[in-house]
Structure formats: structure tokens, C-alpha cells
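Letter by letter, the chains look like this.
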Amino acid sequence: MEYMLQVNKDPDEEVALEACEFWSAYCDAQLPPDNLKELLPRLIPVLLSNMAYADDDESLLDAEEDESQPDRDQDLKPRFHTSRLHGSEDFDDDDDDSFNVWNLRKCSAAAIDVLSNVFGDEILPALMPLIQAKISTSGDETWKEREAAVLTLGAIAEGCFNGLYPHLSEIVAFLLPLLDDKFPLIRSISCWTLSRFGKYLIQETGNPKGYEQFEKVLMGLLRRLLDSNKRVQEAACSAFATVEEDAAEELVPHLGVILQHLMCAFGKYQRRNLRIVYDAIGTLADSVREELNKPAYLEILMPPLVAKWQQLSNSDKDLFPLLECFTSISQALGVGFAPFAQPVFQRCMDIIQLQQLAKVDPASAGAQYDREFIVCSLDLLSGLTEGLGSGIESLISQSNLRDLLLKCCMDEAPDVRQSAFALMGDLARVFPAYLQPRLLEFLEIASQQLSANLIRENLSVANNACWAIGELAVKVRQEVSPIVANVVSSLGLILQHREAVNKSLVENSAITLGRLAWIRPDLVAPHMEHFMKPWCSALSMVRDDIEKEEAFRGLCAVVKVNPSGGVSSLVFICKAIASWHEIRSEDVNNEVSQVLNGYKHMLGNSWGECWSVLEPPVKERLSRYQV
């Protein structure tokens, strides 16, 4: 450690960077923190001095670019669309920063961030005097020191939250004027650091001073959205999107002015930063939902987006972020999106057909195949379906979406299948009759995903296919019968090996298995001993909602058909029932009561043995059933 500390000061940046990597790696490996603790007073000054921009940092050149200079193609980072997922969001996202250059400054900031999360406020005595000294420097020649101090404040915002919280209003009051600093990189880092404190500011909006500061931050970031410097535009827009996620309904009173600034930025930004505006508009829609559905807001928001939509060709990659943005807007507006729905729907259909042609014959399609067009279009169709509900009927009744969708469900690319099954499930919820002519094909293909090799990229496909089968089953009832045996067998295996898959797939498997058991208990009950314990364990983790109610209807139904098949799993059944805070449906509650009392009656004296091994909280929850 002593050696690493010395080498971290090496004048050769590459050597210092290798040493700097050690601190985050040490903390990530969860090695004893006390060994590192005594080094902190000497380590922190080294990290802080390395957080200032190096003279040859390419960001210094980038920072000179104002909006009048056109973007070059190499300025556009590769972008990745994340396919639609139904269930708990527990899949790892790929890191967006993988295309940024990693250097000593960023590594040092990451180390301070990690140290603040491990040691919390214990690092503040060594750190704050250094930050204050750097902040109080004045003069153009020390701007990099001031910038590094602001970066440090942002890096420790989460880890040292308790120690900083009492000084929150002073920190924000100090940062706000820096949004107007003459140096663009100080303006941009101040946007980021303010966004790191955003969620704590929002907690303070209940008191007048806190609310006033929140408004100042909001207006300050909006002002910087319209900065003439591209780097500041990017930082302000990203920071604003972060604040949107944290603030949610707190944004509603400011929607008019937010939309005016966002659409003004939309009009002036070049291609690279335009992507971030799309993201900020989409995040705003996700955050305020139906509040956006007001004529005054739609008049500001929609015309520029529609104009851009009409400008771009069906094979222009600049369509991707716009398709994603429309997905969020259509879900937020619900039926309010109806006036825009027809051209959007038709365009998605055209894009999918063009890409399916390009896949086999790029020359006659006049475009190179890129499956991301299909994925984004399927996701937008899902957003439309979710937003319009049964109103989607008039759009799709006469279309060939059914055949296109079936083809996408069989695509070799996992992300295309993932989005296709999400759309299949969304259609099942609001317009199942549309899938009817090819119902068995949809069900068969979906069921095949559950027995596929469940490596990482197939997990999300299996997750959506499993969810879609459940949604379709509760609508078409007995018609699901031909696939019940295979699906139940696959879901039983998934639940038995649930450590190998993710939380979302486990939950969806438990719910779909319950829905199939509800519809065809006679087909499920004979096999219940194979999966009863892991099924009940999984149901215990599902939150109270209508899907859980339907799954419990299935659980009760199979127990009625085959009560002896549940005896060896009775403790697990009891724990699953006790996982409910409240069963709102009276008939589900009655069915659960019948199951418990049925077992009590059936087991006679042995019931006491089962009861004795249950934990006190479980017994307390079950006492409402008089057992």
C-alpha cells in the first residue's frame, strides 16, 4: 500500500494511473478497510491533486467547441438501445461511459467516490480543508483547481451525504453562481455536481427555503441547456435528465417553462447533443406521465418532434433516439397520443418491413440491415399499445402486424425476440382477439424460449416470453391447453434452479405457473410435487397485486385437485400465504382459508407439527384464518 501511494504520485501519468486503479480495486474486493484507513490523510491529497485537468487532456480542446462548429462523424458515440423488459429491473446495464477516455483524472475521481462510499463521513476531515482551499482560489490561472474541487464535491455527494447534508444549502448556494462561470468546464462540472445533490434538494422542497433552492437549480440548469458551448449543453442536459428522474411530480408546476427550454435546445443542438435532448424529453414524459397530456404542452412539444420525424428517412440512424422518445411520450399521454398514432404506427410497420427485406436482399431494400431499427420500432409499438389500450384496435385490425410479429418472435437475434414477446404480451392484454388466428404458433414459439439455453442474452427473452404466455393465458383461457404441460415443465426447472437466473424471470415464472394452474389445474396438479417448494418460495417474494392474486387462485386450485401433492411442501405453502400484507379479493381470501383449514382437517394431530416449525411472524399473519 505504501508503494502504491508513492507510485500514485509518479510524474508519468500511465504509471500513476495503474497505481490509482488499486484503491477502487481494493475497496471492490471488500478487503479490510482498516488497512487503508490510516493512509487516508496522505492518500486523499494525492487523489485530489490528480483530479485537476492535465494540460494535454483532450477535454480541454473539446471545451473550446461552440455550437457554430458542426459535429464530425467521429464525435458521435455508438449508442445502444435497451430492449423492453417486463418485470423487476435487475439486469445489469452496460456502462455508457465505455467510449469515454479513461485517464488519471477520472480514475482519481472514481477512487474518491468509492472511498466515500466505504468510509463515509470519516474522509471529510482530510478532504474538506483541501476542497475549501481550492475553491477559494481566484484568478484565471487556478481555474483547474476550482474545477477539481467542484468535481470532488460531486464525487462524494452520495458517500458523505450525512456529513454534507447539514451544509446542503451552503453547498448549493456556492455552486449556483458557478453555472455562469467564464470557463466552460467549470460551468459543465457544476451542472453535474448539482445533479448529484438533486435528490437531497427535492427532500427539502417541503420547506420554503429548500423549495426556492430547488427552483433555482432547475432554472439554472435550464439556462445552461441553452449555453453556446457544446460541452456545457451536454452536461446541462444530462444533469437535467438526472434531476427529472429524482424530482418526478415536483416538475409539474414548471412543465411549461421546462418544455420551452427543451424544445429551444432541440431547435439549436447538433446531432450529438440532440440525442441527449431526446433522452431528457423521454425522461420528462416518464416522470410526469399524464400531466403532460394538456393541449398547451402538446403544442410546444409535438410539432418540432413531428417535423424531425418527417425529415428523417426510414434507414437514418438518427431515428433511433426519436423512436425511443416517442415510446415514452406515447406511454405518458395514453389516449392523448391518439391524434399522432396513425402515422407513427404506419412508420414502425414500414421500418420493420424494410429491415426484414434488407436482411435477405439489401440491394432491393436500398438499405443495410440493422436490427436496432426493428427493436426500436417494436418497442414503440408496445408503447403505443400500452398507451392507447383497446384504442389500438382501429390501427392494427387491418394491418399485417400479426405476421410481422410472429416472424420477429422467431428471429435469431435475442434482442429482437425480447422486444417481440414484450409486444405480444402487451397485445394480449388489450386486444387478444387479434392474435387469435395464429394463437397456437405464438404460444408454441413463446414456450420454446423457456426451454432454450438460458445464457445471459436469452434470459431477457425467456422473461418476456414467460410474461406474455401468462397474459395470453388469462385472456384465452382453455385455448392455452396444448402448451400447458411443456410450459409447466420448463417453469418448474427454472424455479428449481432459480439461483442461476435473475429475480425478474423467477417472479414471472411463479406468476405464469399460477395462471396456468388456475386455468388448467387438472393438467398442473399431477406434477406439483416437483416444483411446489421453489414455486411457493418465489411467490413469497412477489409484491401484492392482481398478478399475485391470479397466481394464488392457481395455487389453491391445484391443492384442491391434489391435496396430498402439497403435504410435503405445507410449510412453504404457509409461508407463501403469510407473504401477503392484504388479499383484496374476497374470493381469493376465502380460497386460501379453505386450503389452510382443509390441511388442518386432513392432517389432524400432525397439523401441530407443521404449525410448530413456523416462525412467529408467519403464525401471526395466518391467525386471521383461525387455524
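Just so you know, these numbers come straight off a predicted model, no measurement behind them.

A. Up close: the overall build of the protein chain. When helices and strands are counted, the protein chain shows 34 helices and zero strands. Taken against the 2.2 N^0.38 rule, which gives 25 Å for 627 residues, the C-alpha radius of gyration of the protein chain at 28 Å falls within 12% of a compact globule. Taken over the C-alpha atoms alone, the protein chain extends approximately 85 × 65 × 50 Å along its principal axes. A total of 627 residues make up the protein chain; the buried ones form 56% of that total. For the protein chain, the proportion of contacts with a sequence separation of at least 24, taken over those separated by at least 6, is 77%.

B. Geometry of the pattern of salt bridges. Under the counting rule described, the total for this entry stands at 32 salt bridges. Between Asp227 and Arg224 there is a salt bridge whose closest N-O contact spans 2.7 Å. Residues Asp227 and Arg224 agree in their burial class; the two are buried. Overlapping salt bridges, with partners in common, bring together Asp180, Arg187, Arg223, Arg224 and Asp227 in one network.

C. Looking closely at helix 23 (residues 414–430). With 17 residues, helix 23 should reach 24 Å at 1.5 Å per residue; the first-to-last C-alpha distance of 25 Å fits that figure. Burial analysis of helix 23 places 13 of its 17 residues in the buried class, which makes it a mostly covered element.

D. Representation of the confidence of the model for the protein chain. Chain-level statistics for the protein chain give a pLDDT mean of 92 and a share of 96% at 70 or above. Counting contacts from residues 90–99, a segment whose pLDDT is below 50, to residues more than four positions away or on other chains yields 13 contacts.

E. Representation of the packing of helix 12 (residues 208–225) against helix 14 (residues 255–268). At a closest axis distance of 9 Å, the pairing of helix 12 and helix 14 adopts a crossing angle of 20°. Comparing their axes, helix 14 and helix 12 come out roughly parallel. Crossing of helix 12 over helix 14 shows left-handed handedness. Where helix 12 abuts helix 14, its residues Met219, Leu222, Arg223 and Leu225 lie against Val257, Ile258, His261, Leu262 and Ala265. Its residues placed into classes, the contact of helix 12 with helix 14 shows seven nonpolar, one polar and one charged.

F. How the structure looks around the UniProt feature "domain: Importin subunit beta-1/Transportin-1-like TPR repeats" (unreviewed entry) in the protein chain. In this numbering, the UniProt entry assigns the feature "domain: Importin subunit beta-1/Transportin-1-like TPR repeats" (unreviewed entry) to residues 218–433. Secondary structure across residues 218–433 divides into 76% helix and 0% strand, with the first and last C-alpha atoms of the span separated by 47 Å.

G. Layout of the packing of aromatic side chains. As enumerated under the stated definition, the model contains 16 aromatic pairs in all. A ring pair is formed by Trp309 and Phe326, whose centres lie 5.1 Å apart and whose planes are at 80°; its orientation type is edge-to-face. One end of the pair, Trp309, is in helix 16 (residues 295–311); the other, Phe326, is in helix 17 (residues 319–333), with 17 residues separating them in the sequence. Of the two residues, Trp309 and Phe326, both sit in the buried class. An aromatic cluster is defined as three or more aromatic residues linked by ring pairs; in this entry it consists of Trp309, Phe326, Phe337 and Phe340. Directly above the ring of Tyr53 sits Arg105, whose terminal nitrogen or CZ lies 3.7 Å from the centroid. The residue whose ring lies beneath Arg477 is Trp518, and the NZ or CZ to ring-centre distance is 4.2 Å.

H. A look at the nonpolar core. One finds Ile156, Leu305, Ile329, Leu405, Trp535 and Leu622 to be the most contacted residues of the largest nonpolar core, which totals 217 residues. The element contributing the most residues to this core is helix 25 (residues 456–476), with eleven residues.

I. Looking closely at unusual backbone geometry. A positive phi angle is found at Gln30, which is not glycine, with a value near 55°. Structurally, Gln30 is set in the loop between helix 2 (13–28) and helix 3 (34–37). Positive phi, close to 50°, is recorded for Arg477, a residue that is not glycine. With respect to the helices and strands, Arg477 occurs in the loop between helix 25 and helix 26 (481–496). For Arg477, a relative accessible area of 29% puts it in the partly exposed group.

Calculation criteria
- Residues numbered from 1 in each chain as written.
- Predicted model: local features only at pLDDT ≥ 70, side-chain atom pairs only at ≥ 80, totals over all residues.
- Heavy atoms only, no water.
- Helix = DSSP H or I, 4+ residues; strand = E, 2+ residues; numbered from the N terminus.
- Rg over C-alpha atoms; globule rule 2.2 N^0.38 Å.
- Buried < 20%, exposed > 50% of the residue type's maximum accessible area, 1.4 Å probe, protein only.
- Contact = heavy atoms within 4.5 Å.
- Salt bridge = Lys/Arg side-chain N within 4 Å of Asp/Glu carboxyl O.
- Expected span 1.5 Å × (residues − 1).
- pLDDT = per-residue confidence, 0-100.
- Axes fitted to C-alpha atoms, helices over the stretch in contact; angles between N-to-C directions.
- Parallel < 35°, antiparallel > 145°, perpendicular 65-115°, else oblique.
- Left-handed = near helix turned anticlockwise from the far one by under 90°.
- Nonpolar A, V, L, I, M, F, W, Y, C, P; charged D, E, K, R; others polar.
- UniProt positions renumbered as here; feature names shortened; annotations may be inferred.
- Phe/Tyr/Trp six-rings, centres within 6.5 Å; stacked < 30°, edge-to-face > 60°.
- Lys NZ or Arg CZ within 6 Å of the ring centre and 35° of its normal.
- Core = buried A, V, L, I, M, F, W, Y, C linked by side-chain atoms within 4.5 Å.

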